[in-house]
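Secondary and tertiary structure notes
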Amino acid sequence: MESAFLMVFTYRYAGKLFVKRTGKPVDILSKLKKLAGYGQGEEIELFEELQFEPNVKCVHIDKRLSFEGSKLEDGDIICFQKVVHVKNTKTMRYPDVVSFLEYVHNRQNGDMRKLLG
């Protein structure tokens, strides 16, 4: 009998959080985990969505730098996910925030082409 490894990913809006410029992401990790319904023992990684159009662009956020040091400003969108500890992420359809946002972007563009074509 073969064994299969199954991971389920859920992407959703977790909420809004106001922080001080001088604060650090590491200081709000427990709040982010609570907003997302993650266990406090779970490790997460953060990404800033820089742009969605015309192409998706995201950068990894160093949790130890201040928000100001990471050049985060009012209204910036921060995406986060559980850290994936899978050696072969090629078997995963969307192993990270960036690949999922690229999928959504490409899907929207494809749907618009169908409507306009």
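Residues numbered from 1 in each chain as written. Predicted model: local features only at pLDDT ≥ 70, side-chain atom pairs only at ≥ 80, totals over all residues. Heavy atoms only, no water.

1. Focus on the environment of D62
Operational definition: Starting at the N terminus, helices and strands are each numbered in turn, a helix being any DSSP run of H or I of at least four residues and a strand any DSSP run of E of at least two. Residue exposure (1.4 Å probe, protein chains only): buried if accessible area is under 20% of the type maximum, exposed if over 50%, otherwise partly exposed. We define a polar contact as two N or O atoms separated by no more than 3.5 Å, with the added condition that, inside protein, one atom must be a possible hydrogen donor and the other a possible acceptor, whereas residues neighbouring each other in sequence contribute only through side-chain atom pairs.
Among the secondary structure elements, D62 is positioned in the loop between β2 (57-61) and β3 (77-82). On the accessibility criterion, D62 (28% relative accessible area) is partly exposed. Spatially, the C-alpha atoms of D62 and V26 are 8.8 Å apart, while their sequence positions differ by 36 residues. Among the polar contacts made by the side chain of D62, one reaches the main-chain amide nitrogen of R64 at a distance of 2.9 Å.

2. Details of the packing of aromatic side chains
Heads up, the rule is: Any two rings among Phe, Tyr and Trp, with Trp reduced to its six-membered ring, count as a pair given centres within 6.5 Å; such a pair is stacked if its planes are under 30 degrees apart, edge-to-face if over 60, and tilted if neither.
Counted according to the given criterion, the structure contains 1 aromatic pair. For the pair Y38 and F80, a centre-to-centre distance of 6.2 Å together with 85 degrees between the ring planes defines the contact as edge-to-face. Of this pair, Y38 sits in the loop between α1 (25-36) and β1 (44-51) while F80 sits in strand β3; the two residues are 42 residues apart in sequence, bridging distant segments of the chain. The pair formed by Y38 and F80 is uniform in burial state, with each residue classed as buried.

3. Notes on the side chain of S70
Worth spelling out the cut-off: Note on contacts: a residue pair qualifies if any of its non-hydrogen atoms lie within 4.5 Å across the two residues.
Among the structural elements, S70 can be located in the loop between β2 and β3. Residue S70 is classed as buried on the basis of its relative accessible area, which comes to 19%. Aside from chain neighbours lying at most four places away, what touches S70 is E48, I61, D62 and L65.

4. Notes on the nonpolar core
For clarity, the threshold we go by: Definition of nonpolar core: a set of buried residues of the types Ala, Val, Leu, Ile, Met, Phe, Trp, Tyr and Cys, connected through side-chain atoms within 4.5 Å.
I28, L29, L32, A36, Y38, I44, L46, I61, F67, L72 and F80 form the largest nonpolar core, which has 11 residues in total. Among the elements of the structure, α1 and β1 are those that each provide at least two residues to this core. With sequence-adjacent residues up to four places away left out, F67 is seen in contact with V19, K20, R21, G23, K24, P25, I28, L72 and I78. By size, the runner-up hydrophobic cluster in this structure holds 7 residues, among which are V56, C79, V98 and L101.

5. Brief notes about the environment of L35
Summarising the element assignment, L35 is placed in helix α1. When the C-alpha atoms of L35 and G15 are compared, they prove to be 6.5 Å apart, with 20 residues separating the residues in sequence. When near neighbours in sequence (up to four residues on either side) are disregarded, L35 contacts R12 and A14.

6. Let's talk about the confidence of the model for the chain
Inclusion rule: Each residue carries a pLDDT score, the predictor's own confidence in it, on a scale running from 0 to 100.
Of the residues in the chain, 74% reach a pLDDT of 70 or more, and the chain-wide mean stands at 78. When pLDDT is averaged over each helix and strand of the chain, the minimum, 65, is found for helix α2 (residues 97-116) and the maximum, 91, for α1.

7. Description of unusual backbone geometry
With a phi angle near 65 degrees, K71 is a residue other than glycine that sits in the positive phi range. Here K71 is to be found in the loop between β2 and β3. For K71, a relative accessible area of 67% gives the class exposed.

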